[in-house]
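Structure at a glance
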Amino acid sequence: MEEIAAEGAALNHCVGGYAERHAKGKLTILFLRTADKPDVPYYTMEVSTDGRIVQCRGFKNNNANNPKPQKIIDFENDYQTYLDALFGRNDKDQRSKKSA
């Protein structure tokens, strides 16, 4: 739970408030990193227990002058496709809408 709180502090977003729910298995928090800086917080992803990406946020929730890069958008789409296959969903129209 401390690592999730530290992630939120580093990226200046609210993921720290999700730590207890993650610990209880009510959701999954993933830390996304770049290959060249594997120990530096980059993006944080929330995945529901039914395998749907709920949100993926970077520094300050990507507000104002910090838009989400295309490589993260592409990763979200690819990872959701993977999760859909894992959970037996093949129809992209059945996906929940992701937060920006």
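Quick note: structure is the one above.
Residues numbered from 1 in each chain as written. Predicted model: local features only at pLDDT ≥ 70, side-chain atom pairs only at ≥ 80, totals over all residues. Heavy atoms only, no water.

**Digging into the nonpolar core**
One recurring pattern in soluble globular proteins is that nonpolar side chains are buried together. Formed by L32, Y43, M45, V47, I53, C56, I72 and L83, the largest nonpolar core amounts to 8 residues. For this core, the secondary-structure elements that each account for two or more residues are β2 (43-48), β3 (53-57) and α3 (70-86). Per-element tally for this core: the top contributor is β2, with 3 residues. I4, Y18, A19 and L27 belong to the second largest nonpolar core, which has 6 residues in total. (Core = buried A, V, L, I, M, F, W, Y, C linked by side-chain atoms within 4.5 Å. Buried < 20%, exposed > 50% of the residue type's maximum accessible area, 1.4 Å probe, protein only. Helix = DSSP H or I, 4+ residues; strand = E, 2+ residues; numbered from the N terminus.)

**A word on the environment of D36**
Here D36 lies in the loop between β1 (27-32) and β2. Overall, the relative accessible area of 62% leaves D36 in the exposed class. Polar side-chain contacts of D36 include one of 2.9 Å to the side chain of T34. (Polar contact = N/O pair within 3.5 Å; in protein donor to acceptor, adjacent residues only side chain to side chain.)

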